Amino acid sequence: SSSTMLPQIIKPFKSMIQFFQPDSSMGSELNDHQNNNTPAQAPIAFSAQLISSLQAEHRQVVELYRKVGMHVQRSEFQKIPQQLGHLKREFHRHLMHEDLLFYGYIERKFADQLEQLNRIQSYRKQISSVSNRFNKFTDKWQNQLLNAQNIQQFQTEYNAMGDLLTQHLNHEEQQLYP
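Read on for an overview of the structure. Residue positions within a chain follow its written sequence, with the count starting from 1. With pLDDT at 70 or above as the cut-off, local features in this predicted model cover only qualifying residues; side-chain atom pairs require 80 or more to be listed or tallied, and sums for whole chains, interfaces and linings still use all residues. Remark: hydrogens and water are excluded; side-chain values derive from all non-hydrogen atoms of the structure.

It is worth spelling out the pattern of salt bridges at this point. By definition, a salt bridge exists where a carboxyl oxygen of Asp or Glu is found within 4 Å of a side-chain nitrogen of Lys or Arg. Inspection of the entire model under this criterion finds eight salt bridges. For the salt bridge of D139 with K88, the shortest nitrogen-to-oxygen distance reads 2.4 Å. Taken as a pair, D139 in helix α5 (residues 114–142) and K88 in helix α4 (residues 80–109) lie far apart in primary sequence, 51 residues in all. The exposure class of K88 is buried, given its relative accessible area of 19%. Within this structure, E57, E90 and R93 form a network of salt bridges that share partners. Starting at the N terminus, helices and strands are each numbered in turn, a helix being any DSSP run of H or I of at least four residues and a strand any DSSP run of E of at least two. We call a residue buried when its accessible area falls under 20% of the maximum for its residue type, exposed when it is over 50%, and partly exposed in between, using a 1.4 Å probe and counting protein chains only.

Written as structure tokens, this is what we have:
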């Protein structure tokens, strides 16, 4: 199963991270992106601030997820779809940021090392799977009226999504980030 393979895929990243040389030009990739250069042309730099920024985004996603749960506990069903929309936007913003600045850097850094590159691409596929499951969950419940009849089903799916997000975020922070 893919979940049992995850630790074997992720573990080698820790050794790869030690080769990163922090780059003071962090931010240039954002300026290049804003100037409409294609991602292939934009330099991707690594910075110590990138990791702390991604970790802060993780905390924000977790907090937004918890807010949904607070609305459930308070039976504030009408607030849940809007909160799910906010959570979805921030999660996807984080994934884009991480994909461009972190994984993009790693792929370029190890472009000539096939084994490492395959591991990186495999992990990116895992992220895509998490994202797809997250989208199905949020799309389903953003477009349904939540009430006493379906809140139990929502809660079950919400808890499963929380487990998936927690696993994903913990793996990144414990296995990928220095």
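Mapped onto the elements, Q60 comes out in helix α3 (residues 48–73). Once the C-alpha coordinates of Q60 and F91 are considered, the two residues, 31 residues apart in sequence, prove to be 8.8 Å apart.

Here we take up unusual backbone geometry. Not every positive phi belongs to a glycine, and S75 is a case in point at roughly 55°. Within the secondary structure layout, S75 lies in the loop between α3 and α4.

Turning to the packing of α5 against helix α6 (residues 151–176), a few remarks are in order. Geometrically, a packed helix pair is captured by the angle between its two axes and the distance between the axes. Note on geometry: axes are C-alpha line fits, over the in-contact stretch for helices, and angles between N-to-C directions span 0 to 180 degrees. It is at 11 Å that the axes of α5 and α6 come closest, and there the two elements cross at 155°. As summarised for this structure, α5 and α6 are arranged roughly antiparallel, according to the angle between their axes. Crossing geometry of α5 relative to α6 is assigned as left-handed. Contacts between α5 and α6 pair Y123, I127, V130, R133, F134, F137, K140 and W141 from the former with Q153, F154, E157, Y158, M161, L164, L165, H168, H171, E172 and L176 from the latter. When an angle is under 35 degrees it counts as roughly parallel; over 145 it counts as roughly antiparallel; between 65 and 115 it counts as roughly perpendicular; any other value is oblique. Each crossing gets its handedness from the near helix: less than a right angle anticlockwise from the far helix is left-handed, clockwise is right-handed. We call two residues contacting when some pair of their heavy atoms lies within 4.5 Å.

Only centres within 6.5 Å qualify two rings of Phe, Tyr or Trp (six-membered ring in Trp) as a pair; their planes then separate them into stacked at under 30 degrees, edge-to-face at over 60, and tilted for everything else. Under the counting rule described, the total for this entry stands at seven aromatic pairs. On the basis of an interplanar angle of 0° and a centroid distance of 4.1 Å, the ring pair of Y65 and Y158 is categorised as stacked. Of this pair, Y65 sits in helix α3 while Y158 sits in helix α6, placing them 93 residues apart in sequence. On the basis of relative accessible area, Y158 is assigned to the buried category, the value being 6%. Pairing F154 with Y158 gives two aromatic rings, centres 5.8 Å apart and planes at 20°, and the pair type is stacked. With F154 and Y158 both in helix α6 and four residues apart, the pair spans about one turn of that helix.

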